[in-house]
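Each chain is listed here by its residues.
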Amino acid sequence: MTGGPLPHSARRNEHMLKRVHFKPSLLPFLLVAPQIVITIVFFFWPASQALYQSFLVEDAFGLSTEFVWFDNFIELFQDPHYLGAFQRTAYFSLSVAFIAMFSALVLAAMADRIVRGATTYRTLLIWPYAIAPVLAGALWVFMFDPTLGIFVYALNAIGIDWNYKLNGDQAMTLVILASAWKQIAYNFLFFIAAMQSIPRSLIEAAAIDGAGPLRRFTTIIFPLITPTSFFLLVVNVVYAFFDTFGVIDAMTQGGPANATQILVYKVYYDGFVGLDLGGSAAQSVVLMAIVILLTVVQFRFIERKVEY
Amino acid sequence: MKLSKFLVGAAAATALTGMASGAMAVTEIQWWHAMGGANGERVNKIAADFNASQSEYKVVPTNKGNYTETMTAAIAAFRAGKQPDIVQVFEVGTATMMAAKGAVYPVYKLMQDEGESFDINAYLPAVVSYYQTSNGKLLSMPFNSSTPVLWYNKDAFKKAGITKVPSTWDEMKTASEKLVASGMKCGFSFGWQSWVMIENYSAWHNLPIGTRENGYAGLDTEFTFNNAAVKNRLQKIYDWSKKGLFKYGGRRGDSLSMFTNGECGMWMNSSAYYGAMKAQAKFDFGQAMLPLDTEVAKKPQNSIIGGATLWVLKGKPKSHYKGVALFLKYLSSPKVQAWWHQETGYVPITTAAYKLSEEQGFYKSNPGTDTAIHELSLNQPTPNSRGLRFGNFVQVRDIINEEMENIWAGKKTASQAMDDAVARGNKLLRKFEKANR
């Protein structure tokens, strides 16, 4: 910029900008320092540790350490159970994201149209977000326990032999439902905010033209909230990837027969139960790569389209 | 003004704490354990009694969660240089602890270094053999040990007209048929299936689970439990399950309720369920020795234990270890052991404690409670029956669980499932070997 010839006005602008520059001061650096320190201590440092650990084969106590380059990764991608966990995670994450978003969208569309008592409905719908994942898991366990659960009576009555402790598909369904349920409140909040930012005049105009509620939703509201939907999709997939650990740990511990062992649970299991630190670190690094990729996608393709 | 007040206060506080520690002058010994609930209180009592018996050392027990969490916590603490003096580790963690030569202080060596007399022959061979080196040196102090037994519902047996408690697998079948015919939902079930049906089944019939003396002789061991005897037994049990003779009820002790609520007439699992059984079963129950597979062996060998031991960790001040040695000796004294055994259903670790319980009339007033000891001391343990020592065995057990669940669900034949379990287990053994070279 500075090298090429500039139009007169731009040059003057540049000149003026220079004149109003503050004197170099320590203050801005001090102000951002805490954030930088936090990022270094809580992200860069552990991330580099994980990266380093993933190149090692080490016993649990750290007494004998061998540097093995990419052996841990090679072993990982040759392990059919790890690849199985990948598939499960994709299935789990997409299901959670879809159910959580779809339900939230329906609820938001309903809540948006309510006039009386709207605040009450909204408050109630936001509540589940305040529940810790472990507690959410415990609640669902109580409802669906094969011998104690209240819903199990109903399921048995309609002829479903419910036992998620033995049946992997049932276990998967249960953790998907519990994880999705917890995320609905968050999605609801974003959807309702997006819907309320749509100018009323647009919707009224459509109503005057004779469009029913469903048509108004599909042709006006839904297209106008796509940036939010897109943003939520990424957030939900990331949630399903990482934050569902508590739900799974409380409900199935990854079982039966690994049916609900998703990537993040396998990291924990191999590292803390199996004491295979190198393999677990390698899995963390893979997960880290995935989340970085998802974040890049979010910023490059989605954030542009979101109108604040 | 304010600052000086604060300084005075701080100085006073420092002086006070200094005085306090000076006045006590006891060496604190940290003991991390995994015993929750009633057993946690018994652990506290043992520590409190030891502390009251002398004034130089103070054992401080801390519950660190379940077995896995306790072990992980101790390892993490060791890496950070903040390890406890003593940590309770479950039997399947033995290989991991053993391999950590720089971290653990073998019990035999501790006793030698501290000049404490220690007679290995006072301990039940089947208990200590699990924790010895291949040449007989004791590495960790047995604390809570149990072994699987056959629990049976005496009332249901009476109703079904079964006069003899099954002692062979053929009798298991006929007894189960009678139980089902008498209206029960299932004949028998079991829990901790890798421990009961693979590890103990093999030891009971003097079959190896793996090469290199079940892993005692080296890390280059491989699993061999995919043999004809195991496959045949599991396949038969699956075939029986179609007629309701067997019903699978989940991992660990999940199937206990199937026995205590009268669904199944027999249950194979740890002798340490005695307390739970007494509290929950509304019928007369008994315990008997594990059934024998007459096609495989003429008579049973001995069963192997489960449970946990206390490991001493290195890296504490020298002054601690005398106290640790004294505490471990106190712990294995007949009085403490007999009390622990009678309260919990775990087996006593010394012959003296067993004799004492006998003298106190415990077995007379609680018939069957000595079954576990009889099973363990049936014969001098062989390399196949003294225990097992495989790395990553926590995960291997989960693999065995998964593959056995595949049998019960009818997804795989017993033969296929065992072959797969061995192949997957061997991979973990190689990984462990690599990490501990």
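Each chain has its residues counted from 1, running along the sequence as written. In the order they appear in the text, chains get letters beginning with A and ligands get numbers beginning with 1. The predicted origin of the model limits local features to residues at a pLDDT of at least 70 and limits the giving and counting of side-chain atom pairs to 80 or more, whereas totals for whole chains, interfaces and linings rest on all residues. With hydrogens and water stripped out, all remaining heavy atoms of the structure feed into the side-chain values.

K.L.:
Explanation requested: the overall build of chain A in the structure shown.
P.N.:
Labels follow the DSSP assignment, with helices taken as runs of H or I lasting at least four residues and strands as runs of E lasting at least two, numbered in each case from the N terminus. Of the regular secondary structure elements, chain A holds 14 helices and two strands. A buried classification covers 41% of the 308 residues belonging to chain A. By definition, residues are in contact when any of their heavy atoms lie within 4.5 Å. Of the contacts made within chain A by residues no fewer than 6 positions apart, 66% connect residues no fewer than 24 positions apart. Throughout, the Shrake-Rupley method with a 1.4 Å probe supplies accessible areas, and for residues the shown protein chains are the sole cover considered. Split by element, the accessible area of chain A, about 18300 Å² in all, is 70% carbon and sulfur. The buried label goes to any residue with under 20% of its type's maximum accessible area, the exposed label to any with over 50%, and the partly exposed label to all in between, with areas taken from a 1.4 Å probe on protein chains only.

K.L.:
Can you help me understand the overall build of chain B in this one?
P.N.:
Tallying secondary structure elements over chain B gives 20 helices and 10 strands in all. Only C-alpha atoms enter the radius of gyration; for comparison, a globular chain is expected to reach 2.2 Å times N to the power 0.38, where N is the number of residues. Over its C-alpha atoms chain B spans a radius of gyration of 24 Å, differing by no more than 12% from the 22 Å that the globule rule assigns to 437 residues. Principal axes of the C-alpha set define a box for chain B whose edges measure 85 × 50 × 50 Å. The long-range share in chain B, meaning contacts at least 24 apart out of those at least 6 apart in sequence, stands at 76%. About 17500 Å² of surface is accessible on chain B, with carbon and sulfur atoms providing 56% of the total. Residues scored as positive are Lys and Arg, those scored as negative are Asp and Glu, and His as well as the terminal groups of each chain are ignored. The location of each charge is read from NZ of Lys, CZ of Arg, CG of Asp or CD of Glu. Mean positive and mean negative side-chain charge positions of chain B (50 and 37 charges, respectively) differ by 4 Å.

K.L.:
I keep staring at the state of the cysteines and nothing clicks. Help me out?
P.N.:
In a disulfide, the sulfur atoms of two cysteines are covalently bonded to one another. Residues and elements named next belong to chain B. Here, the term disulfide refers to a pair of cysteine sulfur atoms separated by no more than 2.5 Å. The final tally for this structure, using the stated rule, is one disulfide over all chains. Across the disulfide from cysteine 186 sits cysteine 264; the S-S distance is 1.9 Å. One disulfide, between cysteine 186 and cysteine 264, carries an S-S torsion of 125 degrees and so falls in the right-handed class. In this pair, cysteine 186 is assigned in strand β7 (residues 186–190) and cysteine 264 in strand β8 (residues 264–270), connecting sequence segments 78 residues apart. For the pair formed by cysteine 186 and cysteine 264, the shared burial category is buried.

K.L.:
How should I be thinking about the pairing of strand β5 (residues 141–146) of chain B in this particular structure?
P.N.:
Every other side chain in a regular strand lies on the same face of the sheet, so the side chains alternate between the two faces. All names here are of chain B. Buried residues dominate β5, accounting for six of its six residues. As judged from the five bridges shared by β5 and strand β10 (residues 306–313), these two strands associate in the antiparallel manner. Each bridged residue has a counterpart across the sheet, and for serine 145 the counterpart in β10 is glycine 307. Two strands are said to pair when DSSP picks up at least two bridges between them.

K.L.:
Please explain the interface of chain B and chain A as it appears in this structure.
P.N.:
Taken together, the contacts link 27 residues of chain B with 27 residues of chain A. Summed over both partners, buried area is the accessible surface (1.4 Å probe) that two parts give up on being assembled. Interface area for chain B against chain A, summed over the two sides, is near 2300 Å², with a carbon-plus-sulfur share of 56%. In terms of surface lost to chain A, no three residues of chain B exceed B:Arg79, B:Lys431 and B:Lys434, which account for 24% of the buried area on that side. What counts as a salt bridge is simple: a side-chain nitrogen of Lys or Arg found within 4 Å of a carboxyl oxygen of Asp or Glu. Along the contact surface separating chain B from chain A lie four salt bridges. Note that A:Asp276 is salt-bridged to B:Lys431, the shortest N-O span being 2.7 Å.

K.L.:
Would you mind showing me how to read the packing of aromatic side chains here?
P.N.:
The geometry of an aromatic ring pair is captured by two quantities: the separation of the ring centres and the angle between the planes. All names here are of chain B. Aromatic pairs are defined between Phe, Tyr and Trp rings, using the six-membered ring for Trp, whenever the two ring centres lie within 6.5 Å; interplanar angles under 30 degrees are classed as stacked, those over 60 as edge-to-face, and all others as tilted. In the structure shown here, the tally under the stated rule is 58 aromatic pairs over all chains. Ring pairing ties together the aromatic residues Trp31, Phe50, Phe143, Phe327, Tyr330, Trp340 and Tyr346, which thus form one cluster. Two conditions define a charge sitting above a ring: the NZ of Lys or the CZ of Arg must be within 6 Å of the ring centre, and it must be within 35 degrees of the ring normal. Just above the ring of tryptophan 339 sits the side chain of lysine 45; from NZ or CZ to the centre is 5.4 Å. Its guanidinium or amino end placed over the ring of tryptophan 32, lysine 64 lies 4.3 Å from that ring's centre, counting from NZ or CZ.

K.L.:
How should I be thinking about the sheet that holds β8(B) in this particular structure?
P.N.:
The strands making up a sheet associate through hydrogen bonds between their backbones, and the pairing can be parallel or antiparallel. All names here are of chain B. Here four strands make up an open sheet; going across it, the order is β7-β8-β6-β9 and the pairing mixed. The open sheet has two edge strands with one neighbour each: β7 and β9 (285–288). Neighbour-to-neighbour, the strand axes of the sheet open up by a mean angle of 20 degrees, direction not taken into account. The pairing of strand β6 (residues 148–153) with β9 spans four bridges and is classified as antiparallel. Residue pairing across strands places tryptophan 151 opposite glutamine 287, the latter belonging to β9. Only C-alpha atoms enter the line fits that serve as axes; for helices the fit covers just the stretch in contact. Angles between N-to-C directions range over 0 to 180 degrees.

K.L.:
Would you mind showing me how to read the pairing of strand β2 (residues 57–63) of chain B here?
P.N.:
Residues and elements named next belong to chain B. Here strand β1 (residues 27–33) pairs with β2 via seven bridges, running parallel. Each bridged residue has a counterpart across the sheet, and for glutamate 28 the counterpart in β2 is lysine 58. A crossover gets the label right-handed when its path from the first strand over the helix to the second runs clockwise, viewed with the strands pointing away from the viewer. With helix α2 (residues 37–53) bridging β1 and its parallel neighbour β2, the resulting β-α-β unit is right-handed.

K.L.:
How should I be thinking about the environment of A:Leu263 in this particular structure?
P.N.:
Residue and element names in this part refer to chain A. As for its placement among the helices and strands, leucine 263 is situated in helix α13 (residues 263–273). Counting along the chain gives 239 residues from leucine 263 to proline 24, while the straight-line C-alpha distance between them is 48 Å. In this structure leucine 263 touches Tyr82, Ala85, Phe86, Thr89, Phe241, Gln283, Leu287 and Ile290, once residues within four positions along its chain are discounted.

K.L.:
How should a nonpolar patch on the surface be read in this particular structure?
P.N.:
Residue and element names in this part refer to chain A. Nonpolar side chains (Val, Leu, Ile, Met, Phe, Trp, Tyr) within 5 Å and like charges within 9 Å form the patches, drawn only from residues with over 30% relative accessible area and no salt bridge. A surface patch of nonpolar side chains, about 850 Å² in accessible area, is lined by Val32, Ile36, Val37, Ile38, Ile40, Val41, Phe42, Phe43 and Phe44. The residue isoleucine 36 is located in helix α2 (residues 27–53) in this model. A relative accessible area of 45% places isoleucine 36 in the partly exposed class.

K.L.:
Please explain α13(A) as it appears in this structure.
P.N.:
Residues separated by three or four positions in an α-helix point in the same direction, a consequence of the helix having 3.6 residues per turn. Taken across its 11 residues, α13(A) has nine buried, putting it largely inside the fold. Two residues or fewer past α13(A), A:Leu275 is found with a positive phi of approximately 60 degrees.

K.L.:
What is the right way to look at the layout of surface pockets in this model?
P.N.:
Space left empty within the atom packing is revealed by a probe, the size of a water molecule, rolled over the atoms. In this structure, the second largest pocket occupies an estimated 1400 Å³ of space. Along the walls of the second largest pocket sit 48 residues, with A:Asn163, A:Lys165, A:Leu166, A:Asn167 and B:Tyr248 positioned nearest its centre. Elements with a contribution of two residues or more to the lining of the second largest pocket: α4 (80–113), α7 (150–157) and α8 (168–196) of chain A together with α11 (228–241), α12 (256–260), α19 (393–408) and α20 (414–435) of chain B. In this classification, Asp, Glu, Lys and Arg are treated as charged, Ala, Val, Leu, Ile, Met, Phe, Trp, Tyr, Cys and Pro as nonpolar, and every other residue, Gly included, as polar. When its residues are assigned to classes, the lining of the second largest pocket shows 16 nonpolar, 16 polar and 16 charged. Of the two site types, the cavity is a set of points on a 1 Å grid over the protein atoms alone where a 1.4 Å probe fits but cannot get out, and the pocket is an open set with protein on both sides within 12 Å along at least five of seven lines, each lined by residues with an atom within 4 Å of a point. Grid points are joined across faces, edges and corners, and a volume is the space filled by probe spheres set on the points.

K.L.:
Would you take a moment to explain the pattern of salt bridges for this structure?
P.N.:
Proximity of charged atoms lets side chains of opposite charge pair with each other. All names here are of chain B. The tally for this structure, following the rule as stated, stands at 31 salt bridges over all chains. Residues glutamate 213 and arginine 386 are paired through a salt bridge, measuring 2.4 Å at the closest nitrogen-oxygen approach. Highlighted residues: glutamate 213 in helix α10 (residues 211–214) and arginine 386 in the loop between α18 (371–376) and α19, separated in sequence by 173 residues. On the basis of relative accessible area, glutamate 213 is assigned to the partly exposed category, the value being 35%. Using a relative accessible area of 15% as the deciding quantity, one classes arginine 386 as buried.

K.L.:
Sorry, what's going on with the packing of helix α6 (residues 133–144) of chain A against α7(A) here?
P.N.:
Two quantities define a packed helix pair, namely the angle between the helix axes and the distance between the axes. All names here are of chain A. Contact geometry of α6 with α7 gives a least axis separation of 4 Å together with a crossing angle of 40 degrees. Overall, the two elements α6 and α7 adopt an arrangement that is oblique. Every residue of α7 that contacts α6 at Phe142, Met143 and Phe144 is listed here: Ile150, Phe151, Val152 and Leu155. In terms of residue class, the contact of α6 with α7 is built from seven nonpolar, no polar and no charged. Each angle is binned into one of four classes, with values under 35 degrees roughly parallel, values over 145 roughly antiparallel, values of 65 to 115 roughly perpendicular, and all other values oblique.

K.L.:
What am I meant to see in unusual backbone geometry here?
P.N.:
The general pattern is negative phi for most residues beyond glycine and trans for most peptide bonds. Residues and elements named next belong to chain B. Even without glycine at this site, tryptophan 192 takes up a positive phi of about 40 degrees. Overall, the relative accessible area of 33% leaves tryptophan 192 in the partly exposed class. The residue asparagine 392 is not glycine, and still its phi comes out positive at about 55 degrees.

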